[in-house]
Amino acid sequence: MAEEKLASNNGQPQITTSIQDFDPPKKPKRNKYAIACSFLASLASILLGYDIGVMSGAIIYIKKDLHITDTQVEILVGILNIYSLFGSAAAGRTSDWIGRRYTMVVAAAIFFAGALLMGFATTYAFLMVGRFVAGVGVGYALMVAPVYTAEVSPASSRGFLTSFPEVFINGGILLGYVSNFAFSRLPTHLGWRFMLGIGAVPSVFLAVSVLAMPESPRWLVMQGRVGDARRVLNKTSDSLEEAQLRLADIKEAAGIPEHCNDDIVEVPKRPKGDNVWRELIFSPTPAVRHILLTGVGIHFFQQASGIDAVVLYSPTIFEKAGIKSDHDKLLATVAVGFVKTIFILVATFMLDKSGRRPLLLTSVAGMVLSLMLLATGLTIIDQSEHKVVWAIALSITMVLAYVALFSIGMGPITWVYSSEIFPLRLRATGCSLGVAVNRVTSGVVSMTFLSLEKAITIGGAFFLYAGLAAVALVFFFTLMPETQGKTLEDMEPLFGTFWNWRKTARELKEAKMTEKTEKNSNDKGQIQMGINPAISN
């Protein structure tokens, strides 16, 4: 704190400021309460991760036990993504109705039922029913966890905290791989049922954890519960001043007058669902159109670049690369899950330091290169009559490099970016739409990989994914503004000029600097002219 000394100079007070006043402001410590809330909410994402990971190995034994064809394998593996559309479509309206927190309980309960149905399945049809129920639960979880995390996070660490859902997806994938390896020694008819049924356990932890979480402050304001929202913001912000600013921004976005400070206030009528869709899809402003394009586009390219083909069919890829034993293939997939999880943890600490764009562009450029080298290695192995050791080593290395590069940028940033750019009035519906595109694309990739491999070879399939990743790189470079350090309510002005967003960002920065300079000048003038009450008395 600065020391203020008063001296008399012709009757005028003077303020002497110590040199500490000129020190740069200290960076606030990460808010532990906000971290705890985000951690608990992100447990919902384990549900999807576990299903992806466990199905990659369980399908080996399901195929043997139920005697199903490759087409049935593709459908069984990928259909959960399509079924999750029902959950993500309902989650937006549900979370606006009962709140973000209790929507997570709904997700956990549905997935719990689905996991048990899959574990006790006796036929392919019975298994598909379980996949449908679990898919609905996954859809709910995928939509609500990133939205809740973005809404409780302070701007200084929002990238770190909103990357948690992707961290837990990767953790779930690793758990699924470990489950496959652990149960692989059981009899065929029991092993895959244990692998799938044990997935009910994470959903129980999720449902219990909700009891320790507060509701989203933005949802509370939309319900007129300003007092409750204020208390949550005071706990999840870096300072009380930031909490007041966040509350003022949320109230403005909700249409509540600034002077309304009662604990319970009347909220102006919000647009009905059809008006939200009209504003988002049918007659959007240029800013909303730009937001929708980037928010949906990043979800499409995340999956179109082939990540689910690698994660779900990694045993098949390793078999093509020369690993024949089922046990050894599952052990190799554990290595994939481990690398994926380690690099997503690295990404969480870099998001708020490096920004979204640098990490995303570096990640996607690396993915293009690793996919091309993987495709080259697999093509050489496929075309050779003899064992080509260097090509096998290249293929395995590039699988690990690809999942590492995906996890350090494209994986977490998709969820961070799409959950922070939509305006409050459109956020739940916009995020639901993004998740829907994500799941449809994932379903298409996972349900066509084996057929694609037969049609154009496995190397050709990965050359195709490399081409799509290259298109993604151009899309991200030209259309996606940097959002690091912006509050959720400050996002909309960044968008609307599409590929000219850099000019808009510069103009907004200059306007902010001018406003800050004028404020400092006014504050300085007030200090020079101010009279200390003790002296005047």
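Residues numbered from 1 in each chain as written. Predicted model: local features only at pLDDT ≥ 70, side-chain atom pairs only at ≥ 80, totals over all residues. Heavy atoms only, no water.

- The name an unreviewed UniProt entry gives the chain is Polyol transporter 5, with Nicotiana attenuata as the organism.
- Turning to the chain, the UniProt annotation filed under Subcellular location (unreviewed entry) states: "Membrane". (UniProt positions renumbered as here; feature names shortened; annotations may be inferred.)

**Some thoughts on the overall build of the chain**
- The number of helices and strands found in the chain is 22 helices and two strands.
- Burial statistics for the chain: of 537 residues in total, 54% are counted as buried.
- For the chain, restricting intrachain contacts to residue pairs at least 6 apart in sequence, the fraction spanning at least 24 positions comes to 80%. (Helix = DSSP H or I, 4+ residues; strand = E, 2+ residues; numbered from the N terminus. Buried < 20%, exposed > 50% of the residue type's maximum accessible area, 1.4 Å probe, protein only. Contact = heavy atoms within 4.5 Å.)

**Details of the nonpolar core**
- Ranked by internal contacts, the top residues of the largest apolar core, which has 135 residues, are Ile62, Leu127, Trp192, Leu196, Phe449, Phe462 and Phe476.
- Split by domain, this core shows at least three residues from each of two domains, domain 1 (32-264) and domain 2 (278-517).
- Those residues in contact with phenylalanine 462, other than ones at most four positions away along the chain, are Val310, Ile317, Leu371, Leu374, Ala375, Leu378 and Phe449.
- By size, the runner-up hydrophobic cluster in this structure holds 16 residues, among which are Trp219, Ala229, Leu247 and Val265. (Core = buried A, V, L, I, M, F, W, Y, C linked by side-chain atoms within 4.5 Å. Domains from an automatic or database assignment.)

**Looking at the environment of glycine 191**
- In this fold, glycine 191 is placed in helix H8 (residues 188-197).
- Here glycine 191 falls in the buried class, since its relative accessible area comes to 3%.
- For the pair formed by glycine 191 and tyrosine 61, sequence separation is 130 residues and the distance between their alpha carbons is 7.5 Å.

**Some points on the packing of aromatic side chains**
- One pass over the full model with this rule turns up eleven aromatic pairs.
- Seen in terms of ring centroids, phenylalanine 300 and phenylalanine 301 are 5.1 Å apart; in terms of plane orientation they differ by 70°. Their pairing is edge-to-face.
- According to the relative accessible area criterion, phenylalanine 300 is partly exposed, its value standing at 34%.
- In this structure phenylalanine 301 comes out as buried when scored by relative accessible area, which is 9%.
- Here phenylalanine 462 and tyrosine 465 contribute two aromatic rings whose centre-to-centre distance is 5.6 Å and whose plane-to-plane angle is 75°, an arrangement assigned as edge-to-face. Here tyrosine 465 and phenylalanine 462 lie together in helix H20 (residues 427-479), a separation of three residues that amounts to about one turn. (Phe/Tyr/Trp six-rings, centres within 6.5 Å; stacked < 30°, edge-to-face > 60°.)

**Focus on the packing of helix H7 (residues 164-183) against helix H19 (residues 389-421)**
- One way to put it is that H7 packs onto H19 with a least axis distance of 8 Å and a crossing angle of 125°. Classified by the interaxial angle, the pair formed by H7 and H19 is oblique. In the packing of H7 onto H19, the handedness of the crossing is right-handed. Of the residues in H19, those in contact with Glu166, Ile169 and Asn170 of H7 are Phe406, Ser407, Gly411, Pro412 and Trp415.
- Looking at side-chain class alone, the contact of H7 with H19 contains four nonpolar, three polar and one charged residues. (Axes fitted to C-alpha atoms, helices over the stretch in contact; angles between N-to-C directions. Parallel < 35°, antiparallel > 145°, perpendicular 65-115°, else oblique. Left-handed = near helix turned anticlockwise from the far one by under 90°. Nonpolar A, V, L, I, M, F, W, Y, C, P; charged D, E, K, R; others polar.)

**Focus on the side chain of threonine 333**
- Its location among the elements puts threonine 333 in helix H17 (residues 326-354).
- If near-sequence neighbours (up to four positions away) are discounted, threonine 333 is found in contact with Tyr177, Ser314, Pro315 and Phe318.

**Observations concerning unusual backbone geometry**
- One non-glycine residue with positive phi stands out, namely histidine 67, at about 55°.
- Tracing the backbone shows histidine 67 in the loop between helix H2 (46-66) and helix H3 (70-98).
- Notably, threonine 457 is not glycine yet its phi reads approximately 70°, a positive angle.
- With respect to the helices and strands, threonine 457 occurs in helix H20.

**Some details on the side chain of glutamate 242**
- Counting through the fold element by element, glutamate 242 comes out in helix H12 (residues 240-254).
- Although glutamate 242 lies buried, it forms no salt bridge, and the closest oppositely charged side chain, arginine 246, sits 4.6 Å away as judged by the N-O distance.
- With residues up to four places along the chain from it excluded, the contact list for glutamate 242 reads Pro154, Ala155 and Ser237. (Lys, Arg positive; Asp, Glu negative; His and termini not counted. Salt bridge = Lys/Arg side-chain N within 4 Å of Asp/Glu carboxyl O.)

**Some remarks on the pattern of salt bridges**
- Enumeration according to the criterion identifies eleven salt bridges in this entry.
- Among the salt bridges present, the one from arginine 231 reaches aspartate 228, with a minimum N-O distance of 2.6 Å. Of this pair, arginine 231 and aspartate 228 both sit in helix H11 (residues 226-236), three residues apart, which is roughly one turn of the helix.
- Between aspartate 263 and arginine 230 there is a salt bridge, and its shortest N-O distance comes to 3.6 Å. With aspartate 263 in the loop between H12 and helix H13 (273-282) and arginine 230 in helix H11, this residue pair connects regions lying 33 residues apart in the sequence.
- The exposure class of arginine 230 is partly exposed, given its relative accessible area of 26%.
- Here the salt bridges share partners, and the residues they tie into one network are Lys63, Asp70 and Lys454.

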